[in-house]
Structure formats: structure tokens, C-alpha cells
Amino acid sequence: MTTMNEFLSLALALVTGILLGAMFFGGLWWTIQKGSLSERPALWFLGSLLVRTSIALGGFYLIARGHWEGLLVCLLGFVIARLIVTRLTRTTGKPTNLTQEASHAPYS
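Predicted model, so just to flag it, every value in this text is computed and none were measured.

A.B. asks: Explain the overall build of the chain here, please?
C.D. replies: Counting secondary structure elements, the chain contains four helices and zero strands. When the helices and strands of the chain are placed in sequence order, the string is α-α-α-α. In the chain, buried positions account for 21% of the 108 residues. A separation of at least 24 residues holds for 69% of the contacts in the chain among residues at least 6 apart in sequence. By element, 70% of the accessible surface of the chain is carried by carbon and sulfur atoms, the whole surface being about 8,500 Å².

A.B. asks: Quick question: what am I supposed to make of the packing of helix H1 (residues 4–35) against helix H2 (residues 41–64) here?
C.D. replies: In a packed pair of helices, the relevant descriptors are the angle between the two axes and the axis-to-axis distance. It is the contact of H1 with H2, at a shortest axis distance of 10 Å, that shows an interaxial angle of 180 degrees. On the basis of the axis angle, H1 is roughly antiparallel to H2. Contacts between H1 and H2 involve Ala13, Thr16, Leu20, Met23, Phe24, Gly27, Leu28, Trp30, Thr31, Ile32, Lys34 and Gly35 from the former and Pro41, Trp44, Phe45, Ser48, Arg52, Thr53, Ile55, Ala56, Gly59, Phe60 and Ile63 from the latter. Residues of the contact of H1 with H2, tallied by class, amount to 14 nonpolar, seven polar and two charged.

A.B. asks: In this structure, what is going on with the packing of aromatic side chains? I would like to understand it.
C.D. replies: The description of an aromatic ring pair rests on the distance of the ring centres and on the angle between the ring planes. Applying the stated criterion across every chain yields a total of five aromatic pairs. Centroid distance phenylalanine 24 to phenylalanine 78: 5.6 Å. Interplanar angle 55 degrees. Geometry classified as tilted. Placement of phenylalanine 24 in helix H1 and of phenylalanine 78 in helix H3 (residues 68–88) is noted, with a sequence separation of 54 residues between them. On the basis of relative accessible area, phenylalanine 78 is assigned to the buried category, the value being 13%. Between phenylalanine 60 and phenylalanine 78 the ring centres are 5.3 Å apart and the planes differ by 65 degrees, which places this aromatic pair in the edge-to-face class. With phenylalanine 60 in helix H2 and phenylalanine 78 in helix H3, this pair connects stretches of sequence that are 18 residues apart. Both residues of the pair, phenylalanine 60 and phenylalanine 78, belong to the buried class. One aromatic cluster is present, formed by Phe24, Phe25, Phe60 and Phe78 through successive ring pairs. Cation over ring: arginine 52 sits above phenylalanine 24, and NZ or CZ is 4.6 Å from the ring centre.

A.B. asks: Is there a simple way to explain the nonpolar core in this structure?
C.D. replies: Core analysis: the largest hydrophobic core is formed by ten residues, namely Ala13, Leu20, Phe24, Phe25, Ala56, Phe60, Ile63, Cys74, Phe78 and Val85. Elements with a contribution of two residues or more to this core: H1, H2 and H3. Residue contributions to this core peak at four residues, all from H1. The contacts of isoleucine 63, once residues within four sequence positions are left out, are Ala13, Thr16, Gly70 and Cys74.

Calculation criteria
Residues numbered from 1 in each chain as written. Predicted model: local features only at pLDDT ≥ 70, side-chain atom pairs only at ≥ 80, totals over all residues. Heavy atoms only, no water. Helix = DSSP H or I, 4+ residues; strand = E, 2+ residues; numbered from the N terminus. Buried < 20%, exposed > 50% of the residue type's maximum accessible area, 1.4 Å probe, protein only. Contact = heavy atoms within 4.5 Å. Areas by Shrake-Rupley, 256 points an atom, 1.4 Å probe, with all protein chains shown as cover. Axes fitted to C-alpha atoms, helices over the stretch in contact; angles between N-to-C directions. Parallel < 35°, antiparallel > 145°, perpendicular 65-115°, else oblique. Nonpolar A, V, L, I, M, F, W, Y, C, P; charged D, E, K, R; others polar. Phe/Tyr/Trp six-rings, centres within 6.5 Å; stacked < 30°, edge-to-face > 60°. Lys NZ or Arg CZ within 6 Å of the ring centre and 35° of its normal. Core = buried A, V, L, I, M, F, W, Y, C linked by side-chain atoms within 4.5 Å.

No statement about biological role is implied by the geometric values presented.
This is the structure in C-alpha cells:
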């Protein structure tokens, strides 16, 4: 039988997973926007990867506290956030500079 404390703990893990996922995938979208226009895109992408991954793994570690159930629910929230961020940041179908440049690449 599940107690109220366990339910609240799992609900907190789900909300935390959604927040971690929103930060991770929202940060990825922001990095792509800024890094693609930067003179040093590798610095943007590497720095962002390290920060986003550190925050996400730290959050998973704190939520898990040795219990796999909380970690599993947190990961579920992370995946839900990915779906939400992907839907919110979807492009309108207009070609971007990257798409236009790629269309002129030689075929191998």
C-alpha cells in the first residue's frame, strides 16, 4: 500500500524531472540559436553541454536518493519535458540559413 509521503515524493520527482528536462532541452534550443550565429560555436556547444549535463545529472542524483522509483519517475518527467519543448520550439517550415547552405552542398 502506498502512503501519502511516497505519493508526494513521486509527484515531486515528476515535477523535478519536468523542470530538469525543460532546462536541458530549452538550454539546448537556446544554445543552437546563439551558437549557430557565434564566431566560436564549438565553445558555445561544449560549454552548454557540460553545464546542462551537470545540472541534469546532479538533479537526478538528488532525486534518486538510493531509490530507483523516484529516479524512474524523474526520468519520465524529463522525457515529458522533451516532448513539450520540442513542440513549443518547432519551426514554421521556413528554410533557415543552415537549410539554405546545406541545399548547396555537393553530392558525393
